[in-house]
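Take a look at the letters that make up each chain.
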Number of protein chains: 2
Amino acid sequence: MHTYLENRQLSDALNGYKAFLAPMLKPLETEIIPVSAASGRITACAVHAKISSPHFNACAMDGIAVRAADTFNASELSPVMLNQEQYRVVDTGDPVPESFDAVIMIEDIIFHGDCAELRAAACAWQHVRQIGEDICQGDMILPSYTKLTPSAVGALLAGGIIQVEIFKRVRVGIIPTGDELIPIGQSPKSGDIIEFNSHMLRASLIEAGCEVAIYDITRDSLEALNNALLRGVAENDAALLIAGSSAGRDDYTNSVISKNGAVFCHGIAIRPGKPAVLGVCGNKPVIGIPGYPVSAAIVLEQIVLPVISLLTKNPPPAAHIVNAVISRKIVSGLKYMEFLRVKLGYIRDRLVAIPMARGAGAIASLAKADGVAVIPCDSEGLDSGDEVEVELLRPLDEILHSVTVVGSHDPMLDIIGDIMRRKSDYYLSSAHVGSMGGIMALLRDEAHIAPIHLLDLATGVYNTTYEEKHFPGKETTLVKGVKRTQGIMVQKGNPKGIMSVSDLKNVTYINRQKGSGTRILLDFLLKQNGISADDIDGYQNEEYTHTAVAAKIAAGNAGAGLGIYAAAKMFDLDFIPVADEEYDFLIKTETLDNPMVQTFIETLRSEELKTELEKMGGYELYER
Amino acid sequence: MHTYLENRQLSDALNGYKAFLAPMLKPLETEIIPVSAASGRITACAVHAKISSPHFNACAMDGIAVRAADTFNASELSPVMLNQEQYRVVDTGDPVPESFDAVIMIEDIIFHGDCAELRAAACAWQHVRQIGEDICQGDMILPSYTKLTPSAVGALLAGGIIQVEIFKRVRVGIIPTGDELIPIGQSPKSGDIIEFNSHMLRASLIEAGCEVAIYDITRDSLEALNNALLRGVAENDAALLIAGSSAGRDDYTNSVISKNGAVFCHGIAIRPGKPAVLGVCGNKPVIGIPGYPVSAAIVLEQIVLPVISLLTKNPPPAAHIVNAVISRKIVSGLKYMEFLRVKLGYIRDRLVAIPMARGAGAIASLAKADGVAVIPCDSEGLDSGDEVEVELLRPLDEILHSVTVVGSHDPMLDIIGDIMRRKSDYYLSSAHVGSMGGIMALLRDEAHIAPIHLLDLATGVYNTTYEEKHFPGKETTLVKGVKRTQGIMVQKGNPKGIMSVSDLKNVTYINRQKGSGTRILLDFLLKQNGISADDIDGYQNEEYTHTAVAAKIAAGNAGAGLGIYAAAKMFDLDFIPVADEEYDFLIKTETLDNPMVQTFIETLRSEELKTELEKMGGYELYER
């Protein structure tokens, strides 16, 4: 049984926790290192210049050094002639010779043998970089607790400092726990979970300037956890216990932290991430991280990094926030602040946020996301078209140069995206919402391109009927894509002996979502064969991509599903072809000359794509 | 003689150079490394999942696994009783046992001995994380040329990938050139310049993910430069020649690049940074970097990093841009885009940008700047109060938590700032514009606190007269600071035998800027002694801080100057006391309860500051 002791607001939890920790924390240890290796590190004490910069009066021009007093009467009408005792030829950077105090540019001098004629007076110290102009000996160049930037490295070296006392990196110990975990590199058996959270968290912590130790996986026993915690705390400045994904596991964490120190808060009103445990042990922060990877990543960013900045007194790098318009209604609980992964498209001068998978376990969706939209605690969610703040996960520049493809799924989109990355200055961002979803996205200006394969049940014609219906003003162009073979995917060896659509009555089916071209094709085929949807066991079970359907069949979760040959091949399934369909790209005509869209079309027609599709099989390209 | 061949607009120069380079560049070499060490690196090819994630059907709740079909008739009125063959007890994360297809939460079950009573039907696959829910085997997790984020590390490991092919880091060779240069760590003689540019540039390049080799300083000969260039190009993917600060030196760079390759552009319409040389040699980018350190830093950011992103196909991290109001008029050339270093203050809900030193040699001003304001090419400059875009150099959070102190200079401000960094959550940002400048800043809401020491020439009273005059509505509070001793600073041993203000007629004086309290004090003392400003040689020569005045005297640029004891001590000067003055802090009464201002005042009253001021000498604190 598990209970969430609390449901604290994020800001309350974080600020309270920081205030709770602050009086206990000890300063980090310090070390002395060369300034040239100190960029990004944090000064342990104020640094004062040892020498001035410049440390001598330096000529700032090529020309002659003079005594300004000797030139005071010079003018166009009464030039002054300096003899060779009264000037010295100098170059930029030379020291101003003893007893001289000004420099005259070479262009302003007329030489007569050894004498120099001047037609204007010089002011004292003109064209001279005076001693200490940049840095005065003794000046505080940097205060303590200051992160050294590259220019600070330059300034310290200019001030004659070559070593600097800095704080050692914050050492964080990561303790993964759970009987189901196996280390990376081992082949997982059913029930095993690859322990990758620690590596993901370490990467973030290293980016934040920490030193990280990952401990061996601790099994689910209070004693083992207790020992691991004590070791982690003794050897580090902070410890993270990754609690495993089982419900109730965080209570173990709670118990061992309470026993050896104190728990400040257990349960935060965020989603994903709510079962976090915030505690202290041996005057060091100890945080219980939820085991679902997206929860772990969010707790790290929202709690762990700000707590580490307490030790360094340097705030974590600011998030880059942009405003975007959400593409569909999102219902969110009033009790939680939700962190929603989104794809971003830049269409008609505005950013559109397309929601992605919301599960706490979906780490790939975090890896592929362009940003994270924050839905506040007191909101029931977002309506389609609402403005929302999005924290960027990719550079904005990349998002602004990405062609946004929303609609039917095909693995060829990933291949086109890969070729564009390698061969062009543009990127591809795709979201899989089915063919009809693509048409809707195009209508609402939430996509540049909608891939569709929509069969007119009446005529058997692909795509054009739908285009004409939804864009009666003929404002779109249908760019022909590929012919691809759809078929029934079944387990290797076809154990149920499926030969045609009629046999689908004898098997558990796995369907695609409403509005997808593949589902429309199924409905067409069922109608052709006089079969009712009610006769298909599993008709209600929906997946969003061909590969997801293939994966379910390979795992035995379903006996058959409609999909493309490439997906069947990926999972080594048998494939019974049932139709050749036309997978095309619907584009608003006015955006055809957008260079990102042009690059997409060029890539679609490229030899390289052709080669890749031939390797995958099941595609037929049009004549070019 | 030097000539700037061109004055190309920055965007033209950069885009043209990139287009010029693109067809020549070869792809970077690749290597295979563990995924767990690959965060921040760039994929060399697309990465496909080896296993699905989850790779088995996993229970998402603690409870029992059932066959959904066995439960279809269950309801509140007619519960269904499952026998022990019909269910299995499962925990979250367990595999769903063979032939079962749904999980029922433990809370929803009533056990009767071995039998389980259900009062609701289960849908197929409820509370099950189905195989491939996150990642399907064969799916492209990342395309090529993609920077691995921590969550991408997680996703690859979840997909069974433990090694990944990435591009090697871009290798950049830095070649410092110039006869006047000495390596860091050597004691500079007059005319020597410490070669720190290479270390500053290396720090920026490492931050951008490059591997950097710094070569020995190359002396000013075409042959040496030629050899260094050929070696730098042979051993790296790109080479930077730092051209030294002498005018005309960049022509050497120009010549050797032309001889061994081609120069695309020489001279960019930016300030600082204009004499950059953009070229190619051996199909690799070669860039001539100006020798003034601020120019070097700006050319690195504006040209070198974008060119390196051509090789990695990943844009440099986006600058964080904020809007601010400029605090004073800035005249800027129409022919150049200017990068102006600024301090930022957050006062009354708006950001104020206070311009700093503009010289290309002032690296400390770049190190201390909060941001860089960009004044476009076709602008004659900015008027006080104009809005300007500022690229942040410090985290915004730090700027928003900084108390902004604008006015008279005293080294104690640096000490207060250092104590605040160590002991509080707030920061101090100071700009030195003299006492009157501070009053003006306070009037225009461009500062929280104005340090002043303004003597009423008529009454001999400090500060209050000025406060009453400029804030007749009594909206300010004068927080008493310190009494400090002003005196005449002269070279060690007092060679000119200065005993009092009257003796200033016999020496070259170095003055403070108009509006500074120290200058007003001088004028008062001169008047008292019946001396005219015209009788003081050097009265027109101005410096902005006590330490800058002391540095000039120590170097012999001037024979005497007025300043505080601490500055004289820093430069080992003799000090003839002439007045005790009151250095106080003027604050708008309404901001007294601002926690940053409170922290400043608390620090002013702290034991720690008292100890530091006693060490420096020349200060007297008020009774507390």
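Residues numbered from 1 in each chain as written. Chains lettered and ligands numbered in written order. Predicted model: local features only at pLDDT ≥ 70, side-chain atom pairs only at ≥ 80, totals over all residues. Heavy atoms only, no water.

(A) Layout of the overall build of chain A. In terms of helices and strands, chain A carries 16 helices and 37 strands. Relative to the globule expectation of 25 Å for 624 residues, the C-alpha radius of gyration of chain A, 34 Å, shows a markedly less compact shape. On the principal axes, the C-alpha backbone points of chain A span a range of 115 × 70 × 45 Å. Per-residue burial for chain A yields a buried fraction of 58% across its 624 residues. Nonlocal contacts in chain A, meaning residues at least 24 apart in sequence, comprise 76% of its contacts between residues at least 6 apart. Carbon and sulfur atoms make up 51% of the accessible area of chain A, which totals about 24,400 Å². Side chains of chain A give 56 positive and 78 negative charges; the mean places of these two sets differ by 7 Å. (Helix = DSSP H or I, 4+ residues; strand = E, 2+ residues; numbered from the N terminus. Rg over C-alpha atoms; globule rule 2.2 N^0.38 Å. Buried < 20%, exposed > 50% of the residue type's maximum accessible area, 1.4 Å probe, protein only. Contact = heavy atoms within 4.5 Å. Areas by Shrake-Rupley, 256 points an atom, 1.4 Å probe, with all protein chains shown as cover. Lys, Arg positive; Asp, Glu negative; His and termini not counted. Charge placed at Lys NZ, Arg CZ, Asp CG, Glu CD.)

(B) Fine view of the pairing of strand S8 (residues 109–112) of chain A. All names here are of chain A. In this sheet, strand S9 (residues 115–118) lies alongside S8 in antiparallel orientation, the contact comprising 4 bridges. Bridge pairing links Phe-111 to Ala-116 in S9. Taken together, S8 and the strand that follows it, S9, pair antiparallel across an intervening segment of 2 residues, in which Gly-113 is found at a positive phi of about 60°. (Pairing = 2+ DSSP bridges.)

(C) Quick look at the sheet that holds strand S18 (residues 261–266) of chain A. All names here are of chain A. Taking strand neighbours across the sheet as the criterion, the 6 strands line up as S16-S13-S17-S21-S20-S18 in an open arrangement whose pairing is mixed. Strand pairing shows two members of the sheet lacking a second neighbour, strand S16 (211–214) and S18, which therefore form its edges. Each strand of the sheet is rotated relative to its neighbour by a mean of 20°, with strand direction disregarded. Two strands pair when backbone bridges link them, and strand S13 (residues 171–176) and S16 are joined in this way by 4 bridges, in the parallel orientation. Each bridged residue has a counterpart across the sheet, and for Gly-173 the counterpart in S16 is Ala-213. Strand contacts of helix H6 (residues 293–312): S13, strand S17 (238–242), strand S20 (277–281) and strand S21 (284–289), with the helix running at about 170° to S21, the strand carrying the most contacts. (Axes fitted to C-alpha atoms, helices over the stretch in contact; angles between N-to-C directions.)

(D) Looking closely at the relation of the copies chain A and chain B. Superposing chain A onto chain B requires a rotation of 180° together with a translation of 0.0 Å along the rotation axis, leaving an RMSD of 0.0 Å. Accordingly, the operation relating the two chain copies is best matched by a two-fold axis. Relative to the rotation axis, the C-alpha of His-320 of chain A is the closest in chain A, positioned 3.8 Å from it. Same-surface contact between copies: 98% of interface residues of chain A are shared with the interface of chain B. (Least-squares fit on C-alpha atoms with pLDDT ≥ 70 in both.)

(E) Representation of unusual backbone geometry within the structure. Ser-53 of chain A connects to Pro-54 of chain A through a cis peptide bond whose omega is -10°. With respect to the helices, strands and loops of the structure, Pro-54 of chain A is situated in the loop between strand S2 (47–48) and strand S3 (58–59). The omega torsion of the bond from Arg-271 of chain A to Pro-272 of chain A falls at -10°, within 30 degrees of zero and hence cis. Here Pro-272 of chain A is to be found in the loop between strand S19 (270–271) and S20. With a phi angle near 75°, Ser-99 of chain B is a residue other than glycine that sits in the positive phi range. Residue placement: Ser-99 of chain B occurs in the loop between strand S6 (87–90) and strand S7 (102–105). The residue Asp-445 of chain B is not glycine, and still its phi comes out positive at about 55°.

(F) Quick peek at the side chain of Asp-418 of chain A. Summarising the element assignment, Asp-418 of chain A is placed in helix H9 (residues 411–423). Residue Asp-418 of chain A is classed as buried on the basis of its relative accessible area of 8%. Aside from chain neighbours lying at most four places away, what touches Asp-418 of chain A is Ala-46, Met-140, Pro-143 and Ser-144 of chain B.

(G) Broad picture of the sheet that holds S6 of chain B. Residue and element names in this part refer to chain B. Strand order in the open sheet formed by 3 strands is S6-S4-S7, with antiparallel pairing between adjacent strands. Of all the strands in the sheet, just S6 and S7 have a single pairing partner and so form its edges. Going from strand to strand, the sheet's axes swing by 30° on average, the running direction of each strand aside. In this structure, strand S4 (residues 63–66) lies alongside S7, joined through 4 bridges in antiparallel fashion. Following the sheet pairing, Val-66 is matched in S7 by Ala-102.

(H) Expanded view of the packing of H9 of chain A against helix H16 (residues 607–616) of chain A. Residue and element names in this part refer to chain A. H16 packs onto H9 with a crossing angle of 145° between their chain directions and a minimal axis gap of 10 Å. Like other packed secondary-structure pairs, H9 and H16 cross with a definite hand, here right-handed. Residues Pro-411, Met-412, Ile-415, Ile-416, Ile-419, Arg-422 and Lys-423 of H9 pack against Glu-608, Leu-609, Glu-612, Leu-613 and Met-616 of H16. Tallied by class, the residues present in the contact of H9 with H16 amount to 8 nonpolar, no polar and 4 charged. (Left-handed = near helix turned anticlockwise from the far one by under 90°. Nonpolar A, V, L, I, M, F, W, Y, C, P; charged D, E, K, R; others polar.)

(I) Examining the packing of aromatic side chains more closely. If you walk through the whole model with that rule in mind, you get 14 aromatic pairs over all chains. Ring plane angle 55° and centroid distance 6.0 Å describe the contact between Tyr-87 of chain B and Phe-111 of chain B, whose orientation is recorded as tilted. On the criterion of sequence distance, the pair formed by Tyr-87 of chain B in strand S6 and Phe-111 of chain B in strand S8 (residues 109–112) is long-range, its members being 24 residues apart. An aromatic cluster of three or more residues is present, and its members are Tyr-17, Phe-20 and Phe-264 of chain A. One Lys or Arg, Lys-313 of chain A, reaches over the ring of Tyr-145 of chain A and ends 5.8 Å from the middle of that ring. (Phe/Tyr/Trp six-rings, centres within 6.5 Å; stacked < 30°, edge-to-face > 60°. Lys NZ or Arg CZ within 6 Å of the ring centre and 35° of its normal.)

(J) Summary view of the confidence of the model for chain A. Per-residue confidence for chain A gives a mean pLDDT of 93; residues scoring 70 or more make up 98%. For this predicted complex, the interface confidence comes out at an ipTM of 0.92, alongside a pTM of 0.92. (pLDDT = per-residue confidence, 0-100.)

(K) Quick look at the packing of helix H3 (residues 197–207) of chain B against helix H6 (residues 293–312) of chain B. Residue and element names in this part refer to chain B. Between H3 and H6, the least distance of the axes is 10 Å, while the angle of their chain directions is 35°. Seen along the crossing, H3 lies across H6 with a hand that is right-handed. Between H3, through Asn-197, Met-200, Leu-201, Ser-204 and Leu-205, and H6, the contact on the second element is made entirely by Pro-293, Ala-296, Ala-297, Leu-300, Val-304, Leu-305 and Ile-308. Its residues assigned to classes, the contact of H3 with H6 shows 10 nonpolar, 2 polar and no charged.

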